[in-house]
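# Coordinate inspection notes
Here is how the chains run, residue by residue.
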Amino acid sequence: MTTLLVIAKEPRPGRVKTRLTPPFTPQEAAALAEAALTDTLRAVAATPARRRVLVLDGTPGPWLPPGFDVVPQATGDLDERLADAFANCDGPALLIGMDTPQVTPALLSVDFEGCDAYFGPAEDGGFWALGLATPDPGLLRGVPMSTPRTGAVQRARLVAAGLRVRELPPLRDVDTAQDAEAVAAAAPGSRFAAELRRLTPVGRR
């Protein structure tokens, strides 16, 4: 079975989702980040897995459900932190972030039979999921992160290594207020959508 990895920041005001401010305050942005993380962890918890790991920058809170191992993120740039997350896996692994609360167990139930990698593109040009049948940290190190071409470069790295890549559906990350509205509309029953509905009158005042 697959190890499911979630890389995340502790949802503390001023440390997460800073591009949501404005229109939201740092406290409101952190509340939205916590809701997104909660939805993500619930989806992972409901997905059959060999192991579930939260790769965390910060300290766990009451939002963490049972059944997760918590490991600290490595130091360095994002490519190094992602590479380190895979380096600690000894079998097939799928890594996602905390920015796609619309994710579902169906999307995360991957089968590596007939492929070597899974790639989930994000609408902003990055990627929301990366799966490797045989984790190789070298496939991530040196990939420029947080650019419009991050996803294309990462996918090209997989192909250049001779891996058979299977695509996951594109998803939208929550970075801006417009992203938040679109993601909440895509997952109206999520905690994230409920939190956005609670905050929207404040965010638009």
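Refer to the structure above for everything that follows.
Quick summary incoming for the structure in this document. Note that the coordinates shown come from a computational prediction; the quantities given were computed from them, not determined experimentally.

### Here we look at helix H2 (residues 78–87)
Buried within H2 we find Asp79, Arg81, Leu82, Ala83, Ala85 and Phe86. Tucked into the core, H2 has its buried residues touching strand E1 (3–9), strand E2 (51–57), strand E4 (93–96) and strand E6 (127–132).

### Let's talk about the environment of Leu32
Topologically, Leu32 is positioned in helix H1 (residues 26–45). Owing to a relative accessible area of 1%, Leu32 belongs among the buried residues under this scheme. Sequence separation of Leu32 and Glu195 is 163 residues, and the distance between their C-alpha atoms is 6.3 Å. Those residues within four positions of Leu32 in sequence are excluded, and the remaining contacts are Leu20, Phe24, Phe192, Glu195, Leu196 and Leu199.

### Examining the sheet that holds strand E3 (residues 69–72)
With mixed pairing, the seven strands of this open sheet are ordered in space as E3-E2-E1-E4-E6-E5-E7. Each end of this open sheet is capped by a strand with a single partner; those strands are E3 and strand E7 (165–167). Pairs of neighbouring strands in the sheet enclose a mean axial angle of 20 degrees, with direction left out of account. With four bridges joining them, E2 and E3 adopt parallel strand pairing. For Val53, the partnering residue across the bridge sits in E3 and is Asp69. On top of the sheet, helix H4 (residues 150–160) reaches strand E5 (117–121), E6 and E7; it is set at about 15 degrees to E6, its chief contact.

### A short note on the environment of Asp116
Within the secondary structure, Asp116 is located in the loop between helix H3 (105–108) and E5. Separated by 90 residues in sequence, Asp116 and Pro26 place their C-alpha atoms 40 Å apart. Look past the residues within four positions of Asp116 in its chain and what remains in contact with it is Gly131, Leu132, Ala133, Gly162, Leu163 and Arg164.

### Quick notes on the nonpolar core
Judged by nonpolar contacts, the single largest core of 29 residues is most densely connected at Leu54, Leu94, Leu108 and Trp128. Going through the elements one at a time, E1, H1, E2, E4, H3 and E6 are the ones with two or more residues in this core. Ranked by residue count, the leading element in this core is H1, at six residues. Ranked by size, the runner-up nonpolar core spans 21 residues in total, among them Val55, Leu82, Phe86 and Ala93.

Scoring rules and cut-offs
Residues numbered from 1 in each chain as written. Predicted model: local features only at pLDDT ≥ 70, side-chain atom pairs only at ≥ 80, totals over all residues. Heavy atoms only, no water. Buried < 20%, exposed > 50% of the residue type's maximum accessible area, 1.4 Å probe, protein only. Helix = DSSP H or I, 4+ residues; strand = E, 2+ residues; numbered from the N terminus. Contact = heavy atoms within 4.5 Å. Pairing = 2+ DSSP bridges. Axes fitted to C-alpha atoms, helices over the stretch in contact; angles between N-to-C directions. Core = buried A, V, L, I, M, F, W, Y, C linked by side-chain atoms within 4.5 Å.

Honestly, that's just the spatial picture; any functional story needs more than this.
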